[in-house]
Structure formats: C-alpha cells, structure tokens
Amino acid sequence: TRVRPVLVEHCQKCHGPDKQKGGLRVDGRAHLLKGGDNGPSLVPGDPEKSRLVEAVRYANPDLQMPPKGKLPAAAVADLEAW
C-alpha cells in the first residue's frame, strides 16, 4: 500500500510496461527480482544488496534515482523495509 504508489509516481514512467530504461521494469515484483541490464534490483531480506535501495538512497553518485530529485525519507524507508 505504500511501495506501489511510490514506484508508480516516481519510477514507472521510465521503468514500466511501455519503456524500460536500462532494461528495468518496476511494475511487478517479478520484474524487480529479475532486474535490468545490471542484474537484480531487489534482494529479498537484504536491502543493503538491493540496487533499488542503493539508487533511492542517493549514496552512490553513479546510481541515483529518480534522477529529478531524492525521494522523501519516509518513501526511502518504506522501500528499505519492503
């Protein structure tokens, strides 16, 4: 109930069913587990190894999503917990 709206609002335009930048889709758990050109986006039970979490934390200057600005801290925390 908290994760899907974040992904739809901030990610799906570039990583959805119509367009998949970097080969990544975020419109389903299976797609996130499969990942994109750089491998899986989620590692269940280990947010530290999840590229999605790394991207939304903005800690890596080479991997920051969404590109227009950092998500609110609560949204990042929801993705980490999910």
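Our subject is the structure listed above.
What this report covers is the structure whose coordinates are included nearby. Remember, predicted model here, so these are calculated numbers, not experimental data. (Residues numbered from 1 in each chain as written. Predicted model: local features only at pLDDT ≥ 70, side-chain atom pairs only at ≥ 80, totals over all residues. Heavy atoms only, no water.)

1. Description of the nonpolar core
Then, in step 1: Core analysis: the largest hydrophobic core is formed by 14 residues, its most contacted members being Val6, Leu7, Val26, Leu32, Val56, Leu71 and Leu79.
Then, in step 2: Sorting the residues of this core by element identifies helix H1 (3-10), helix H3 (51-57) and helix H4 (73-81) as the ones contributing at least two each.
Then, in step 3: Once residues lying within four places of it in the same chain are set aside, the contact partners of Val6 are Cys11, Leu71, Ala75 and Leu79. (Core = buried A, V, L, I, M, F, W, Y, C linked by side-chain atoms within 4.5 Å. Buried < 20%, exposed > 50% of the residue type's maximum accessible area, 1.4 Å probe, protein only. Helix = DSSP H or I, 4+ residues; strand = E, 2+ residues; numbered from the N terminus. Contact = heavy atoms within 4.5 Å.)

2. Considerations on the side chain of Ser50
Then, in step 1: Here Ser50 shows up in the loop between helix H2 (29-34) and H3.
Then, in step 2: For Ser50, the residues in contact, after removing those within four places along its chain, are Ser41, Leu42 and Val43.

3. Quick look at the packing of H1 against H4
The description of two packed helices rests on the angle between their axes and on the distance between the axes.
Then, in step 1: Running from N to C, H1 and H4 cross one another at 120°; their axes reach a closest spacing of 9 Å. By the angle between their directions, the pair H1 and H4 is classed as oblique. Seen along the crossing, H1 lies across H4 with a hand that is left-handed. Of the residues in H4, those in contact with Val3, Val6 and Leu7 of H1 are Ala75, Asp78 and Leu79. (Axes fitted to C-alpha atoms, helices over the stretch in contact; angles between N-to-C directions. Parallel < 35°, antiparallel > 145°, perpendicular 65-115°, else oblique. Left-handed = near helix turned anticlockwise from the far one by under 90°.)

4. A word on H1
A turn of α-helix holds 3.6 residues, and therefore any two residues three or four places apart point the same way.
Then, in step 1: Burial in H1 covers these residues: Val3, Val6 and Leu7. Buried residues of H1, viewed axially, fall in a sector of 95°; they line one side. Exposed and oriented more than 90 degrees from the buried face of H1 are Arg4 and Glu9.
Then, in step 2: Taken together, the buried residues of H1 touch H2 and H4. (Arc of directions from axis to C-beta.)

5. Side note on the layout of surface pockets
Then, in step 1: Estimates place the volume of the largest pocket at around 610 Å³.
Then, in step 2: Residue lining of the largest pocket: 25 residues in total, with Cys14, His15, Leu24, Met65 and Pro67 positioned closest to the centre.
Then, in step 3: When contributions to the lining of the largest pocket are tallied by element, the ones reaching two or more residues are H1 and H3.
Then, in step 4: Element by element, the count of residues in the lining of the largest pocket is highest for H3, at 4 residues.
Then, in step 5: In terms of residue class, the lining of the largest pocket is made up of 11 nonpolar, 8 polar and 6 charged. (1 Å grid on protein atoms, 1.4 Å probe; cavity = no way out; pocket = protein on both sides within 12 Å on 5 of 7 lines; lining within 4 Å. Points joined across faces, edges and corners; volume = space filled by probe spheres on them. Nonpolar A, V, L, I, M, F, W, Y, C, P; charged D, E, K, R; others polar.)

6. Let's talk about the environment of Val6
Then, in step 1: Examined against the element boundaries, Val6 turns out to sit in helix H1.
Then, in step 2: Through-space distance from the C-alpha of Val6 to that of Leu52 is 12 Å; in sequence the pair is 46 residues apart.

Structural measurements only, silent on function.
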